[in-house]
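# Understanding the architecture of this molecule
Chain by chain, the residues run as shown.
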Amino acid sequence: MAQADAGALDGRDGNVTRMVTADGIPLKRSLQRAERRRKIAALLLVTPLLAFLLIVFLFPIGQMMWRSVDNPQVVNALPRTLNALEGWDGSEVPSEEVFAALAADFREDLQRPRADQTWGPLGVRLNYELSAARGAVARTVRNVPDFEPPYREAFTDSHRLWGDPAFWRVIQREGRPLTASYYVAALDREYDDEGNIVRRDENRRIYVGLFMRTLALSLGITFLTFALGFPIAYYMSILPMRHANLLMICVLLPFWTSLLVRTTAWIVLLQQQGVINEVLVNIGLIGDDGRFSLMYNMYGTIIAMTHILLPFMVLPLYSVMRTIPPSYLRAAKSLGATPTTAFRRVYFPQTLPGIGAGAVLVFIISIGYYITPALVGGQSGRMISNEIARHMQQSLNWGLAAALGSILLVGVLILYWAYNRLVGADNLKLG
Amino acid sequence: MAIPSYATPAERVWYYSFRVICGLIFFFLLAPIIIMIPLSFNAQPYFTFTREMVTLNPEGYSLRWYEDLFSSDSWMRSIRNSFIIGIAATFLATTLGTLAALGLSRSQMPFKGLIMGILISPMIVPLIISAAGMFFFFSSVNLAQTYLGVILAHTALGTPFVVITVTATLVGFDHSLTRAAANLGASPTRTFFKITMPLILPGVISGALFAFITSFDEIVIVLFVAGVEQRTIPREMWSGIRESISPTILAVATILVLISIALLTTVELLRRRSERIRGMSPG
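Secondary structure summary: chain B contains 12 helices and zero strands in total. The secondary structure elements of chain B, listed N-terminal to C-terminal, are α-α-α-α-α-α-α-α-α-α-α-α. Since a compact globule built from 283 residues should have a radius of gyration of about 19 Å, the 24 Å found for chain B marks it as more spread out than a globular shape. Dimensions along the principal axes, computed over C-alpha positions, put chain B at roughly 75 × 70 × 30 Å. Out of the 283 residues in chain B, the part that is buried amounts to 42%. Considering only contacts in chain B between residues 6 or more positions apart, those separated by 24 or more positions represent 74%.

Structure, rendered in structure tokens:
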């Protein structure tokens, strides 16, 4: 740029044929070069953060999502067996050849150092598909060194599952490096004997219902924050700035207060011996045995999360309402509209961008919420995040946790995309 | 906004009932937070007001939960950890975020939408998913249960706030100022520290505050990535609530509320200052 500015312009008198800088380079090229240099400079400024986030944030999430389809256990543990199983039609117990390969695989596995042995993960993996599979593997593998041909009898004597064609079909199906079975399980489906995907028995369906409940709770919470947030945002928007700012602090204080503190506050209020129940008992409204269970159920989650997310609704609503000129309402009224009609036809439609922004924001946040449901939700107030955490930390079924997480993530990204279309990410307001 | 003298009775009823409704909603917002403060001075290990407290008898009040807090090794360690992790993460997030915002606000920036999307993604992705991803990744590179791991994770979570606040400050930035500085012979570095930095400082500081509060308040990542040694205040409160619920938590909560009031005031003052600098009327 500086170069171009310093350059002498050729042909000042309307002669636009060719402009050159002082050192004779065409102006156009010189400008392009300067432009490219600034583009690179801008990119260089962004690069450190971009690289940091790619490594510390995006790569780990990609890696986690990969786990939902990654299926190395059977392939690693039983290479010979899988080879021998090729061409097996799946109807009867496999031939002696397959069992010999199985014995060879297990023997080789036992030669490895303890930490590298693959039969443990194999048992766990097969157990996700067929309960008792872990037992079959664990009980058999120790005895394999003593097995003698015919191996088929030796294995089936050791555990009945080895004589079950259904077990062998699972081994064959999961003997591929990629699997869909975590997603099948995450959608409350399973493989039947023919390998078709069918719905699980009624009493074993968990996740679809949990996704639905998460959606329902999030929608309910979004609606409640709207119902509570709209009046106060409107009230603040008609007050003079000075008073409105004072009330704004009342909204921002909870916003800035630690999440754990706010959750604790609700535990103090809602529990059986908590403030609300004590007050109701003491003023005689309910008996000592008639205390409400407001916590460790759905109500706990809804009340506490509505309180926690209310500022996220009020802030965008307020910033939109501030910009609506009060004269529009007055004009509607002077033209003969009743207050209700004026509000419904003139004011409300103008607040829609704020409502949309606040609602999507609250919905996105609540759909992935973990802490508050875990602390005050009990059984009926659990959300999908709690189930992901449970599979991460307790059942250690990481593939299923990854599948549930990926479904949640895709849902949130779609919502965020909608939010972006609605308001634009640049308009995110922070307090 | 006073009620006009020509208002109909119905309008009068609506006028007052609307104010009562709003008052109740504000009560709903504030009461839970306020109510913990007196309860933290409870002399009894209960989460409710005792008869002595209601009658304002001094015997009903005590500082024992504060004594508990300050004499407990695990609480003191968690306070220290929260500040170590918070300050380190804030420093990293502010540096990286400010640089990126400077780049993003240049008009020549290519792929602006895509890059902005990536940079603010830590704010969008549900925490449980970030935590799960980082749990696996940090375990595989030996960063799990280390301070560095938690700091890096919190840095990632804090950067979107810095990027957003600093970019917002740069929107009103007058680029002819830096050109003037360059014209007068200042090097780019000098221009940055003498001209750009003082002008965007309010945005940088409020971004840093957001990054700090994000780290200070964060628990999901800590639950998955941190070990016993790296327990922060929220993590300690989490086990306090789940295992042995005692009013010590209320003492901690009261202190945290006071801290958030201080932070809130700072951010509000900074916002006004920033608007004044940019020549807008103070809000």
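Attention shifts here to the overall build of chain A. A count of helical and extended segments in chain A gives 20 helices and two strands. Compactness check: chain A gives a C-alpha radius of gyration of 32 Å against a globular reference of 22 Å for 431 residues, more than 25% above the reference. Based on the C-alpha atoms only, the size of chain A along its principal axes is roughly 95 × 95 × 40 Å. Looking at the 431 residues of chain A, the share that counts as buried comes to 38%. Of the contacts made within chain A by residues no fewer than 6 positions apart, 65% connect residues no fewer than 24 positions apart.

Further remarks concern the domain arrangement of chain B. Residue and element names in this part refer to chain B. Assigned domains of chain B: these are domain 1 (41-71) and domain 2 (73-277). Computed from C-alpha coordinates alone, the two centres of domain 1 and domain 2 are separated by 36 Å. If you look at the interface, domain 1 gives seven residues, while domain 2 gives seven residues. Looking at the side of domain 1 that touches domain 2, its residues break down into five nonpolar, one polar and one charged.

Quick look at the confidence of the model for chain A now. Fine structural detail should not be taken from predicted coordinates in areas where pLDDT scores are low. On average, residues of chain A score 86 in pLDDT, and 94% of them reach the 70 mark or higher. Within the model, pLDDT remains below 50 along residues 1-14 of chain A, and this stretch shows 22 contacts once partners closer than five positions in the same chain are excluded.

Now for the interface of chain A and chain B. The interface is formed by 71 residues belonging to chain A together with 73 residues belonging to chain B. If you tally residues by element for the side of chain A that touches chain B, the top one is helix α2 (residues 27-67) of chain A, at 19 residues. Of the residues in the side of chain A that touches chain B, the class split is 53 nonpolar, 13 polar and five charged.

This part takes up the nonpolar core. One finds Ala131(B), Ala132(B), Val220(B) and Val225(B) to be the most contacted residues of the largest nonpolar core, which totals 151 residues. Per-element tally for this core: the top contributor is helix α15 (residues 298-322) of chain A, with 13 residues. Aside from chain neighbours lying at most four places away, what touches Val225(B) is Ala131(B), Met134(B), Phe135(B), Phe138(B), Ala144(B), Gly149(B), Val150(B) and Ala153(B). If you look at the next biggest cluster of nonpolar residues, it comprises 29 residues, including Ala77(A), Leu102(A), Trp119(A) and Tyr151(A).

Turning our attention to the confidence of the model for chain B. In the predicted model, chain B carries a mean pLDDT of 87, and the fraction of residues at 70 or more is 96%. On the interface metric, ipTM, the complex scores 0.86, and its pTM is 0.85.

Let us now look at the domain arrangement of chain A. Domain boundaries in chain A define domain 1 (2-67), domain 2 (72-179) and domain 3 (208-427). If you average the C-alpha positions of domain 1 of chain A and of domain 2 of chain A, the two centres end up 60 Å apart.

What follows deals with unusual backbone geometry. A negative phi angle is the norm for most residues apart from glycine, just as the trans form is the norm for most peptide bonds. Residues and elements named next belong to chain A. Between Pro-149 and the following residue, Pro-150, the backbone shows a cis peptide bond with an omega angle of 0°. Tracing the chain through its elements places Pro-150 in the loop between α7 (133-141) and α8 (151-158). At Leu-396, a residue that is not glycine, the phi angle is positive and equals roughly 55°. When the 11 C-beta atoms within 10 Å are taken as the criterion, Leu-396 is described as exposed.

This part takes up the environment of Tyr66(B). Residues and elements named next belong to chain B. Tracing the backbone through its elements, the reader meets Tyr-66 in helix α3 (residues 64-71). C-beta crowding within 10 Å serves as the criterion here: with 18 such atoms nearby, Tyr-66 is assigned to the partly exposed category. On a C-alpha basis, the gap between Tyr-66 and Ser-139 in space is 37 Å, while along the polypeptide they are 73 residues apart.

Helix-helix packing: each pair is described by the crossing angle between the helix axes and the interaxial distance. Interaxial distance between α2(A) and helix α5 (residues 112-124) of chain B falls to 10 Å at its minimum, and their mutual angle equals 50°. As judged from the angle between their axes, α2(A) and α5(B) are oblique. Along this stretch, α2(A) crosses α5(B), giving a crossing that reads as left-handed. Here Val46(A), Leu49(A), Leu50(A), Leu53(A) and Phe57(A) of α2(A) lie close against α5(B), whose contacting residues are Ile115(B), Ile118(B), Leu119(B), Ser121(B) and Pro122(B). The residue inventory of the contact of α2(A) with α5(B), partitioned by class, reads nine nonpolar, one polar and no charged.

An ideal rise of 1.5 Å per residue puts 18 Å on 13 residues; α5(B) measures up with 18 Å between its terminal C-alpha atoms. The complete set of buried residues in α5(B) reads Ile115(B), Met116(B), Leu119(B), Ile120(B), Pro122(B) and Ile124(B).

Here is what the cut-offs are and how they apply
Residues numbered from 1 in each chain as written. Chains lettered and ligands numbered in written order. Predicted model: local features only at pLDDT ≥ 70, side-chain atom pairs only at ≥ 80, totals over all residues. Helix = DSSP H or I, 4+ residues; strand = E, 2+ residues; numbered from the N terminus. Rg over C-alpha atoms; globule rule 2.2 N^0.38 Å. Buried ≥ 20, exposed ≤ 12 C-beta atoms within 10 Å, placed from the backbone. Contact = placed C-beta atoms within 7 Å. Domains from an automatic or database assignment. Nonpolar A, V, L, I, M, F, W, Y, C, P; charged D, E, K, R; others polar. pLDDT = per-residue confidence, 0-100. Core = buried A, V, L, I, M, F, W, Y, C linked by C-beta atoms within 7 Å. Axes fitted to C-alpha atoms, helices over the stretch in contact; angles between N-to-C directions. Parallel < 35°, antiparallel > 145°, perpendicular 65-115°, else oblique. Left-handed = near helix turned anticlockwise from the far one by under 90°. Expected span 1.5 Å × (residues − 1).

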